[in-house]
Amino acid sequence: MTRARVIADYGTRVVDAIAAVVLAPSCAACGELLDSPTRGPVCERCWRSILPLTPPLCDRCGDPLPSWRVSGVAQAHCARCRRSAPTIDRARAIGEYDGALRAVIHALKYDGRRSLAKPIAAMMRQRAVDLLDGAACAIPVPLHASRRRHRGFNQAEDLARHLGIPVVRALVRVRATATQTDLPAAQRHRNVRAAFAAVPPAAALAGGCVVLVDDVCTTGATLEACARALKEAGVAEVRALTAARVVARRPS
Ligand SMILES: [Zn+2]
Ligand SMILES: [Zn+2]
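Residues numbered from 1 in each chain as written. Chains lettered and ligands numbered in written order. Predicted model: local features only at pLDDT ≥ 70, side-chain atom pairs only at ≥ 80, totals over all residues. Heavy atoms only, no water.

Trainee: Quick rundown of the coordination of the zinc ion (ligand 2)? Include the residues and the values.
Mentor: The zinc ion (ligand 2) binds to the protein through Cys58 (SG), Cys61 (SG), Cys78 (SG) and Cys81 (SG), with metal-donor distances spanning 2.3 to 2.4 Å. Considering all four donor atoms around the zinc ion (ligand 2), angles at the metal cover 105 to 114° and the coordination shape is tetrahedral. We note that the donor set of the zinc ion (ligand 2) lies within a single chain, spaced as C-x2-C-x16-C-x2-C. Each of the two residues, Cys58 as well as Cys61, counts as buried. (Donors = N, O, S within 2.8 Å, 3.2 Å for Na, K, Ca; no water. Tetrahedral: all angles 85-135°; square planar, octahedral: opposite > 155°, others 65-115°. Buried < 20%, exposed > 50% of the residue type's maximum accessible area, 1.4 Å probe, protein only.)

Okay, structure coming up:
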């Protein structure tokens, strides 16, 4: 380690120590006091406790598969995707929408901790190298203009900007939809149907492959509606990358 680096490291430790005592900032996810506030608003323990979804995963939607069913099968799809193939060709997420990952996403989205977009997107990139491979661009799921004004930013766009591929705003939300949070799955699909439309930049993507980006995939209704609008505009392949996904629990 060079002398300058040693001094810089020492400086960071001193700043951390002073900030920890004077400001006493707490982790945006767990609320515990931060040991190293200069490293960002979420503590090391929270980052480390984010559990990735591990294979075997449905090749299509990315849901975990019970391993006994897929042994020896090269391409495996979950029961839901076998019943009706989704419009999204392939979807992946860092992990399940739960615990520390859920708390970190909440801090980004509802507490306006926009600096979290970069480390979350870094995890998304790491988890989805093959999903990003060959994709022309990332398309953030848009917010309706009124909600965007209210929040001041679109978290999906913040995440998309750090994925290392061009970002194209190819969709608009043409209809403000009732908040999805309290609706059952079937109603969510009805609620968002025709809520999105492709805009002129989408024309340049005809025949190509794109990656839709959002913070959470809950029932898939929003992503499916976006994918339909893009495919109607001529996009050949629509993949989806979200920070988290709600995993459907089926009786085993
Ligand atoms: Zn924490
Ligand atoms: Zn599936």
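Having seen the structure, we can now continue with the description.
Trainee: I'd love a proper account of the sheet that holds strand E6 (residues 237-245), names of residues and values included.
Mentor: For sheets, the rule is that strands pair by backbone hydrogen bonds, running either parallel or antiparallel. In spatial order, the strands read E1-E6-E5-E2; together these four strands make up an open sheet with parallel pairing. Both outer strands of the open sheet, strand E1 (90-96) and strand E2 (137-140), are each paired with one neighbouring strand and no more. For this sheet, the mean inter-axis angle between neighbouring strands, taken without regard to orientation, is 25°. By the bridge criterion, eight bridges tie strand E5 (residues 209-217) to E6 in an arrangement that is parallel. Its bridge partner being in E6, Val213 is matched across the sheet by Leu241. Lying over the sheet, helix H5 (residues 99-109) contacts E1, E5 and E6, oriented at roughly 100° with respect to E6. In this fold helix H6 (residues 117-127) packs onto E1, E5 and E6, with an angle of close to 125° to the strand it touches most, E1. (Pairing = 2+ DSSP bridges. Helix = DSSP H or I, 4+ residues; strand = E, 2+ residues; numbered from the N terminus. Axes fitted to C-alpha atoms, helices over the stretch in contact; angles between N-to-C directions. Contact = heavy atoms within 4.5 Å.)

Trainee: Describe the coordination of the zinc ion (ligand 1), with residues and values.
Mentor: Only Cys27 (SG), Cys30 (SG), Cys43 (SG) and Cys46 (SG) from the protein coordinate the zinc ion (ligand 1), and they sit 2.3 Å from it. With four donor atoms in place around the zinc ion (ligand 1) and angles of 103 to 115° between them, the coordination shape is tetrahedral. Donor residues for the zinc ion (ligand 1), ordered by position in the chain, follow C-x2-C-x12-C-x2-C. Separated by 16 residues along the polypeptide, Cys27 in the loop between helix H1 (3-22) and helix H2 (44-48) and Cys43 in the loop between H1 and H2 bring together distant segments of the chain.

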